[in-house]
Amino acid sequence: MLPGGVFNTKYESDVAILRTKTQWFLLALGIVLLFLIPLFAPDYWLSQLTYIAIVIVAVLGLHVLTGLCGQISIGHSAFMAVGAYAVAILTTRYGLSPWACLPISALAAGLVGLIFGLPCFKLKGFYLAISTLAGWYIIIWCLKYDGFSSVTGGFIGLPLDPLTLGGLDLSSRSALYCLAVAVMIVAAFIAKNIQRTAAGRAFVAIRDNELAAEVSGISIFRYKMLAFFIGCLFAGVAGWLWAHSQLRVNPNQFSLLDSIWYVGMIIIGGWGSTSGVFFGVAFLKLLEIGMTDYITPWLGDMLTSIKLQVHVATDIVRGMVVVLFMMVAPRGIYYLLERLKIYYRLHPYAYWAR
Amino acid sequence: MDTFLRALSEGILLGGVYALIALGVVMVFKASKVFNLAHGGVLMFLAYLTWWLLEPKGLPLWVSLLILTAVAVLFGLTLDRFIFRPLIGQTMLVTFIITLVLGFTVIPGVGMLLWGGRPQVMHVFPSGSMTIGPVTFSYTFLFSFIIATAMFLIFVLLFRYTKTGLLMRCVSEDNLISQSLGINVKWIYAISWVVGCLSAAIGAILLGSMFAVNSDLGGLAIVHALPVVLLGGLESIPGAFIGAIFVGLSEVFAGTYVDPHISGFRELMPYILMVLILMFRPHGLFGLRRIERI
C-alpha cells in the first residue's frame, strides 16, 4: 500500500524500489550513518556489527535459495567455509592477491554448492535439506582431515595476512567494518534485483508450486541449481569477508548450529523479503549478544550448580524464539512491520486494512 | 577371514540398533507426515536421564526404566500437544524446520543444562563377552541387538495387526477422511509421537551403554537413522530394517577396511550413503513413488 498522495503514473514508478523523495533521502541518510558508526562506536560493538554485516551477506544468499526458491540448505556455513578456505589457501600457499581471490572464493563456494544441490534433480523439499546436511559434514570433515592438512592446515587451520588495498591497511576494526558494510550494501542491492529478474520470478514460481511452474515451462532442475549456485556465491563472499575479519580460518568456526541459525534468521525476518533478512539477522544476533553478555552470567551466578554449562541457555532461548515465530508469526518481522505501516497509513479508517 | 567375520557380525548387531532408532522416525512420519529430526535430541536427553537415574541417584534398574518410560510418554504427549498439533496442515518444510531447531538446539540444550554434557559411562548390561568360533561378541552389543530386534518386531506387529495400527495407517493415508469416518485423529497423532519417543528411550538405553553417554549421542543417532530411513523409503517399516542392516554393515566395513588408510572414514560413511541414496534412489528401496497433483 502506498502512502497517501503518492500515485504511480508511469510504469517505471510502479516497478521502482524507492518511489518517493523521502525514501531516497532516508536511504542516503541511513547509508551515511552506517559509515559514520566507526567514529563513535566502541571496539566491541564495531566487531559485532562487522560480524552482523558478514552474516547478512551469507543469509542474503540463503534468502535467494530458501526465501525465493523454497529450497532449504542447512549446510550454508560449510559453503561459507569453502569461500574462506579458498582465499586462505590461495593467498598463503600460492601468494595470490586477496582481491583476485574474491571472485574465486565465490565461484568455489558456488561450485561446491552445486554438487550438493544435484539431488534436486529428482527430489524436492526436505530431502534436499538432508543432502545439504550431509554436505556440511563432508565439507567440514575434509577440512579437518589429516591427509589434506598440508593444504588446509587440518584442525589448526590457516592464518591470513592482513588485507591491504594499494598500500592502504584495511585490517583495523573500523576499516574492516566499512568494507563489510560496503559489501553488504552491494549484496543487498544484487539480491533485491535478482528477485525482479526473470530468474527471480521463476524461483518464486517454483517455491509456490513446483508442478505448476514446470507446466508453465520453467525448467525446475536448471533454476533450482541456479538458485543453489547464486546462494552459495553469496556464502563464498561472506566466507572471504569472514576470513579477513578473523585473520585465521579453522574448521570449528563453521558449525552446524550456525547454519541452523541462518535458516532461523530467514524465518524470523520473513520468507521471501530482502529487508526481512536484515531484521532476522539483527534480531537473532542481538538476542545472542544480550543473552551471552547479560543474562547467562547472571543466571550462572544465581544457579551455581549449572555455572559450567550455562552458556547453552543462549541456544535454548534462540531455538525457542525461532519455533515460536514459526508457530505464532510464520511470516516474520517483515510482515508484522508491513501490517503496522498499513495500520499507520490508514489510521482513522483501520477497518480498510484487510 | 576372521576380520571379515568380526566386521560382519558387528555390522549386523549395530544395524539392529539403528533399525530401532529409525523406526521412531518412520512411525511418526507414517502417522503425521512430520519428518522428525528431533528424534536424536530426544534420544540424547533420555540417555542422560537414564544415566542420571542409574549412576548418581543409584536407583535400581526397574525403577529407572519405569521413570524413563513415564518421561518418554510425557515428552511425546508434550511435543504433540504444544508443538505439532497447532501445526497440522502446515507444509512439510515448516514442521521439518521446527524439528530441526528443536532437535539440534532446544532439547539437547536442556539436557546439557541439566546434566552438564560431559561423557558418562552407564552400566545396564552385564559386562563380559561370548565367543563363537573366531568371533567375540560383547554382551552389551549382543543384548542390545536382541532387545532392539524384539522391540522392532513388537512395534511392527502392533502396527500391522492391532486396531490402533490400522487407524494409524488410515490417518497417514488421509487425515480429513479419517476424521469424518469417526477416527480420533488427534489421539492417533499423540500415539504416534509417544511411540516415537518410546523408541527413542529404548535407543537411548542401548546406544548409551554401547557407546558413552555424551552430548553428541543425539547427532550420532539421527545421522545413522537418516540413511536408514532414506534407504528404507519413508513409508516402509521392513525396509527400515533391511536398510539399517545395510548401513550398519557398510559403516563397520568402512571402519575395518578403509580406516587404516583414511582415518576417520567410518564417521563419514553415513553421510556419503545419504548423498548417494538421495542422488540415485531417492525413494529408497521400498518407498512409494508419489504422483503429484496441482
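As the structure is a computational prediction, the values presented were derived from the model and not from experiment. (Residues numbered from 1 in each chain as written. Chains lettered and ligands numbered in written order. Predicted model: local features only at pLDDT ≥ 70, side-chain atom pairs only at ≥ 80, totals over all residues.)

Q: Could you give an account of the overall build of chain B, naming the residues involved and the relevant values?
A: Each helix and strand counted, chain B has eleven helices and two strands in total. Tracing chain B from N to C terminus, the helices and strands come up as α-α-α-α-β-β-α-α-α-α-α-α-α. For chain B, whose C-alpha radius of gyration is 19 Å, the value lies close to the compact-globule estimate of 19 Å for 294 residues. Across the 294 residues in chain B, those meeting the buried criterion constitute 48%. (Helix = DSSP H or I, 4+ residues; strand = E, 2+ residues; numbered from the N terminus. Rg over C-alpha atoms; globule rule 2.2 N^0.38 Å. Buried ≥ 20, exposed ≤ 12 C-beta atoms within 10 Å, placed from the backbone.)

Q: Give me the lowdown on the overall build of chain A, citing residues and values where you can.
A: Within chain A one finds 15 helices and four strands. Over its C-alpha trace chain A gives a radius of gyration of 21 Å, about what one expects of a compact globule, namely 20 Å for 354 residues. Dimensions of chain A, computed from the C-alpha atoms along their principal axes, are close to 65 × 55 × 50 Å. By the burial criterion, 42% of the 354 residues in chain A qualify as buried. Restricting to contacts in chain A with at least 6 residues of sequence separation, those with at least 24 account for 75%. (Contact = placed C-beta atoms within 7 Å.)

Q: Give a description of the packing of helix H2 (residues 39-54) of chain B against helix H8 (residues 185-210) of chain B that names residues and reports values.
A: All names here are of chain B. Contact geometry of H2 with H8 gives a least axis separation of 8 Å together with a crossing angle of 55 degrees. Taken together, the axes of H2 and H8 are oblique relative to one another. Between H2 and H8 lies a crossing of right-handed hand. Residues His 39, Val 42, Leu 43, Leu 46, Ala 47, Thr 50 and Trp 51 of H2 pack against Gly 196, Cys 197, Ala 200, Ala 201, Gly 203, Ala 204, Ile 205, Leu 207 and Gly 208 of H8. Grouping the constituent residues of the contact of H2 with H8 by class yields eleven nonpolar, five polar and no charged. (Axes fitted to C-alpha atoms, helices over the stretch in contact; angles between N-to-C directions. Parallel < 35°, antiparallel > 145°, perpendicular 65-115°, else oblique. Left-handed = near helix turned anticlockwise from the far one by under 90°. Nonpolar A, V, L, I, M, F, W, Y, C, P; charged D, E, K, R; others polar.)

Q: Got a sec to walk through unusual backbone geometry? Specific residues and values, please.
A: Residue and element names in this part refer to chain A. For Leu 247, which is not a glycine, the phi torsion comes out positive at approximately 55 degrees. Within the secondary structure, Leu 247 is located in the loop between helix H11 (220-246) and strand E4 (248-249). A tally of 14 C-beta atoms within 10 Å means that Leu 247 is categorised as partly exposed.

Q: Requested: an account of helix H10 (residues 237-258) of chain B, with residues and values cited.
A: Residue and element names in this part refer to chain B. Compared with an ideal rise of 1.5 Å per residue, which puts 22 residues at 32 Å, H10 spans 31 Å between its outermost C-alpha atoms and is within 8% of the ideal. Along H10, the residues classified as buried are Ile 237, Gly 239, Ala 240, Phe 241, Gly 243, Ala 244, Val 247, Gly 248, Glu 251, Val 252 and Ala 254. Each element contacted by the buried residues of H10 is listed here: helix H1 (2-32), helix H5 (139-161), helix H9 (217-232) and helix H11 (265-280). (Expected span 1.5 Å × (residues − 1).)

Q: Give a description of the interface of chain B and chain A that names residues and reports values.
A: With 34 residues of chain B at the interface, the matching set in chain A holds 41 residues. Broken down by secondary-structure element, the contributors of at least two residues to the side of chain B that touches chain A are helix H4 (92-115) and H11 of chain B. When residues in the side of chain B that touches chain A are grouped by element, the largest group, 16 residues, is from H4(B). Of the residues belonging to the side of chain B that touches chain A, the class tally is 27 nonpolar, six polar and one charged.

Q: Explain the nonpolar core to me, and be specific about the residues and the numbers.
A: Ranked by internal contacts, the top residues of the largest apolar core, which has 193 residues, are A:Val57, A:Ala58, A:Val59, B:Ala19, B:Ala22, B:Leu43 and B:Leu46. For this core, the leading source of residues is H8(B), giving 17 residues. In this structure, B:Leu46 is in contact with B:Leu68, B:Val71, B:Ala72, B:Ala200, B:Ala201 and B:Ala204, ignoring residues within four places of it in sequence. (Core = buried A, V, L, I, M, F, W, Y, C linked by C-beta atoms within 7 Å.)

Q: So, the pairing of strand E2 (residues 135-138) of chain B: which residues are in play, and what are the values?
A: Residues and elements named next belong to chain B. Pairing geometry for strand E1 (residues 129-132) and E2, over four bridges, is antiparallel. Opposite Ile 132, over in E2, you have Val 135 as the bridge partner. Remark: two residues form the turn of the hairpin made by E1 and E2, two consecutive strands paired antiparallel; Gly 133 in that turn has positive phi of roughly 60 degrees. (Pairing = 2+ DSSP bridges.)

Q: Would you mind going over the environment of B:Ile237 in detail, with residue names and values included?
A: All names here are of chain B. Looking at where Ile 237 falls in the secondary structure, it is placed in helix H10. We classify Ile 237 as buried; it has 20 C-beta atoms within 10 Å. On a C-alpha basis, the gap between Ile 237 and Phe 159 in space is 9.5 Å, while along the polypeptide they are 78 residues apart. The contacts of Ile 237, once residues within four sequence positions are left out, are Leu 23, Val 26, Val 156 and Phe 159.

Q: If you had to explain helix H8 (residues 173-194) of chain A to someone new, which residues and values would you point to?
A: Think of an α-helix as 3.6 residues a turn; residues three or four steps apart then line up on the same face. All names here are of chain A. With 22 residues, H8 ought to run about 32 Å at 1.5 Å a step, and its terminal C-alpha atoms sit 31 Å apart, in line with that. The set of residues buried in H8 consists of Leu 176, Tyr 177, Ala 180, Val 181, Met 184, Ala 187 and Ala 191. Considered in projection along H8, the buried side chains sweep an arc of 130 degrees and stay on one side of the axis. Among the exposed residues of H8, those oriented more than 90 degrees off its buried face are Val 186, Phe 189 and Asn 193. Buried positions along H8 lie against helix H2 (21-40), helix H3 (43-68), H11 and helix H13 (274-302). (Arc of directions from axis to C-beta.)

Q: Hey, could you go over the environment of B:Ala31 for me, with residue numbers and the actual values?
A: All names here are of chain B. Looking at the element boundaries, Ala 31 is found in helix H1. Separated by 26 residues in the primary sequence, Ala 31 and Lys 57 place their C-alpha atoms 37 Å from one another. Once residues within four sequence positions are removed from consideration, Ala 31 is found in contact with Met 168, Val 171, Ser 172, Ile 188, Tyr 189 and Ser 192.

Q: Give me the lowdown on the packing of helix H12 (residues 256-269) of chain A against helix H14 (residues 312-328) of chain A, citing residues and values where you can.
A: Residues and elements named next belong to chain A. Taken N-terminus to C-terminus, the directions of H12 and H14 make an angle of 35 degrees; their axes are 10 Å apart at the nearest point. For H12 against H14, the interelement crossing comes out left-handed. Across the interface between the two elements, Leu 257, Trp 261, Gly 264, Ile 267 and Ile 268 of H12 pack against Asp 315, Arg 318, Val 322, Phe 325 and Met 326 of H14. For the contact of H12 with H14, the residue count by class is seven nonpolar, one polar and two charged.

Q: A description of the confidence of the model for chain B should follow, citing residues and the corresponding values.
A: When pLDDT is averaged along chain B, the result is 85, and 96% of the positions lie at 70 or above. For this predicted complex, the interface confidence score (ipTM) comes to 0.88, while the overall pTM stands at 0.91. (pLDDT = per-residue confidence, 0-100.)

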